[in-house]
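# Descriptive analysis of the structure
Here is what each chain is made of, one letter per residue.
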Amino acid sequence: MMDNIIKLARINIQKLQPYQSARRIGEGHIGEIWLNANESPMSVFFKLKKKSFNRYPECQPKDLISYYANYSNLSCNQILVTRGADEGIELLIKTFCEPGKDAIIYCPPTYDMYRVNAKIHGVAIKEIPTIKDTWQLDLLNIKLNLTKVKLVYICNPNNPTGNTIIKKDLISLLKMTLGHALIVIDEAYIEFSPQDTMTNYLKEYPNLVILRTLSKAFALAGIRCGFTLAKKDIIDTLNKVIAPYPISVPVADIAVQSLETDYIKFMNNRVLDLNSNRIWLVNELNKLSCVEKVFKSNANYILVKFFMCETVFSALWDKGIIIRNQNDKINLNKCLRISIGTRLECLRLIQELQFFSKK
Ligand SMILES: *Cc1c(COP(=O)(O)O)cnc(C)c1O
């Protein structure tokens, strides 16, 4: 029976299916090999430079903004720093969508936080699935469904499929929606496929918004720091809505250090390492008879279709190798997502999977 107090919650929250975060799913499990959240398997060590915390931080720490402007080749007024890219996703909905009236589009299978935030804020969702197996945009169906849509979220490279979206299609989408909707490109994994960034198009398309994060290639998921890149007037509007002190002093301190030249070099080397581990892993997986298909990936994870998906998933789980089950997602029947770990972790995974394959 439902507790009366719970009935006080808004109806949409009572009905809400919350985000299944990797941390919640794995809670309490004594896994040794965590390949389920696309985190960096290596960590970077920092020392705090700031030692006193009695004052509130700047809402938008100037040095951090200027370091990120330098890194992304943009001007400071095109950048907003947020509590992870996740805060950027929500802030856009809070700023641009009228509850009960406007809608957002996203293209599943994709990152689930677009749905969750729209639902929390009472904004309608329109799901336009990508084309099965190529995972490219269904531009025709997007075009037919643009009424009342203020935001179109496109994840590039897409999580969990790993593919990048054809640039020509992104440009068609920007043209199609100019003056009516914003195209939000979530580039959480762009460091693994840097030639695919859309930052060069910010000048040309006033409806383009790009989301970035330090959680993946920068190996800083624990500090919660992300960026929204857009034309100045969009950034100014988002700045009206953002909390007064979203970035704590230690977060800004570490984030600035991570954007110094040497640390960017370390980051790029980690990316090269992980990309070569991915190539190795794909090659090994393709030799196994329990593997039905490995999808091409341009990120630090791969989507794999298995013949005995659930059995494989739980056997790995029991061995302390935690990956992400995608079997219940649209068009991802029998698929598991594997984050790229260290070479040793990849090797352990392959060793376990060899039990399922007579080769
Ligand atoms: C991990 C991830 C994020 C979240 O980034 P944070 O900066 O950690 O909030 C956003 N988008 C996608 C597609 C992700 O995979």
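Residues numbered from 1 in each chain as written. Predicted model: local features only at pLDDT ≥ 70, side-chain atom pairs only at ≥ 80, totals over all residues. Heavy atoms only, no water.

By the naming in an unreviewed UniProt entry, the protein goes by Histidinol-phosphate aminotransferase and is assigned to Buchnera aphidicola. What the UniProt record of the protein gives under Sequence similarities (unreviewed entry) is the line "Belongs to the class-II pyridoxal-phosphate-dependent aminotransferase family. Histidinol-phosphate aminotransferase subfamily." Quoted verbatim from the Cofactor (unreviewed entry) field of the UniProt record, the comment on the protein reads "pyridoxal 5'-phosphate". (UniProt positions renumbered as here; feature names shortened; annotations may be inferred.)

## Quick notes on the site of the ligand
Taken together, 13 residues form the shell around the ligand, and within it Ala-85, Tyr-189, Thr-213, Ser-215 and Lys-216 come nearest. Between the ligand and Ser-215 there is a distance of 2.6 Å, counted from an oxygen atom to a side-chain nitrogen or oxygen. When the ligand sits alone it has 390 Å² of accessible area, and the protein chains cover 94% of it. Here the shell around the ligand takes three residues from helix α4 (residues 84–96), the largest share from any one element. Classifying every residue of the shell around the ligand by side-chain character gives five nonpolar, four polar and four charged. (Near = heavy atom within 4 Å. Polar contact = N/O pair within 3.5 Å; in protein donor to acceptor, adjacent residues only side chain to side chain. Areas by Shrake-Rupley, 256 points an atom, 1.4 Å probe, with all protein chains shown as cover. Helix = DSSP H or I, 4+ residues; strand = E, 2+ residues; numbered from the N terminus. Nonpolar A, V, L, I, M, F, W, Y, C, P; charged D, E, K, R; others polar.)

## Re the UniProt feature "modified residue: N6-(pyridoxal phosphate)lysine" (unreviewed entry) in the protein
Cross-referencing UniProt, the feature "modified residue: N6-(pyridoxal phosphate)lysine" (unreviewed entry) maps to Lys-216 in the present numbering. Among the residues examined, Lys-216 registers a relative accessible area of 15% and is labelled buried. Ignoring any residue separated from it by four or fewer positions in sequence, one finds Lys-216 in contact with Ala-37, Asn-38, Ser-40, Ala-188 and Tyr-189. A polar contact of 3.1 Å, which involves the side chain of Lys-216, links it to the side chain of Tyr-189. (Buried < 20%, exposed > 50% of the residue type's maximum accessible area, 1.4 Å probe, protein only. Contact = heavy atoms within 4.5 Å.)

## Concerning the pattern of salt bridges
The tally for this structure, following the rule as stated, stands at 16 salt bridges. Across the salt bridge formed by Arg-348 and Glu-32, the nearest N and O atoms sit 3.8 Å from each other. Of this pair, Arg-348 sits in helix α12 (residues 343–353) while Glu-32 is found in the loop between α2 (22–26) and β1 (33–34), placing the two residues 316 residues apart along the sequence. For Asp-133, the salt bridge is made with Lys-132, and the minimal N-O distance between the two is 3.9 Å. On the accessibility criterion, Lys-132 (46% relative accessible area) is partly exposed. Through salt bridges with shared partners, a single ionic network connects Glu-32, Arg-348 and Glu-352. (Salt bridge = Lys/Arg side-chain N within 4 Å of Asp/Glu carboxyl O.)

## Considerations on the sheet that holds strand β7 (residues 208–213)
Taken in spatial order, the seven strands make up an open sheet running β2-β8-β7-β6-β5-β3-β4, and their pairing is mixed. With partners counted over all chains shown, the strands left at the sheet margins are β2 (79–82) and β4 (124–127), one partner each. Taking the axes of each pair of neighbouring strands and ignoring which way they run, one obtains an average angle of 20 degrees across the sheet. Note: β7 against strand β8 (residues 226–230), five bridges, orientation antiparallel. (Pairing = 2+ DSSP bridges. Axes fitted to C-alpha atoms, helices over the stretch in contact; angles between N-to-C directions.)

## A look at unusual backbone geometry
The linkage connecting Asn-156 with the following residue, Pro-157, adopts the cis geometry, with an omega of -5 degrees. Mapped onto the fold, Pro-157 is located in the loop between β5 (149–155) and α7 (167–177). Put simply, Asn-159 and Pro-160 share a cis peptide bond, and its omega is 15 degrees. When you line up the elements, Pro-160 lands in the loop between β5 and α7. A positive phi angle, near 60 degrees, is found at Arg-224, a position not held by glycine.

## Some details on the environment of Asn-325
By the element assignment, Asn-325 lies in strand β12 (residues 324–325). A relative accessible area of 23% places Asn-325 in the partly exposed class. When residues no more than four places from it in sequence are discounted, the contact partners of Asn-325 are Cys-309, Glu-310, Phe-313, Cys-335 and Leu-336. Separated by 3.1 Å, the side chains of Asn-325 and Glu-310 make a polar contact. A distance of 2.9 Å separates a polar atom in the side chain of Asn-325 from the backbone nitrogen of Asn-327.

## A word on helix α3 (residues 62–72)
Turning to α3, its buried residues are Leu-64, Ile-65, Tyr-68, Ala-69 and Ser-72. An end-on view of α3 places all buried positions within 135 degrees of arc, on one side of the element. Exposed side chains of α3 directed beyond 90 degrees from the buried face belong to Lys-62 and Asn-70. As for α3, its buried residues are in contact with β2, β7, β8 and α9 (249–258). (Arc of directions from axis to C-beta.)

## Topic: the sheet that holds strand β9 (residues 291–294)
Strand order in this open sheet of four strands is β9-β10-β13-β12, and the pairing throughout is antiparallel. The sheet terminates laterally at β9 and β12, the two strands that pair on one side only. Pairing between β9 and strand β10 (residues 301–306): three bridges, direction antiparallel. If you follow Val-294 over to β10, its bridge partner there is Val-304.

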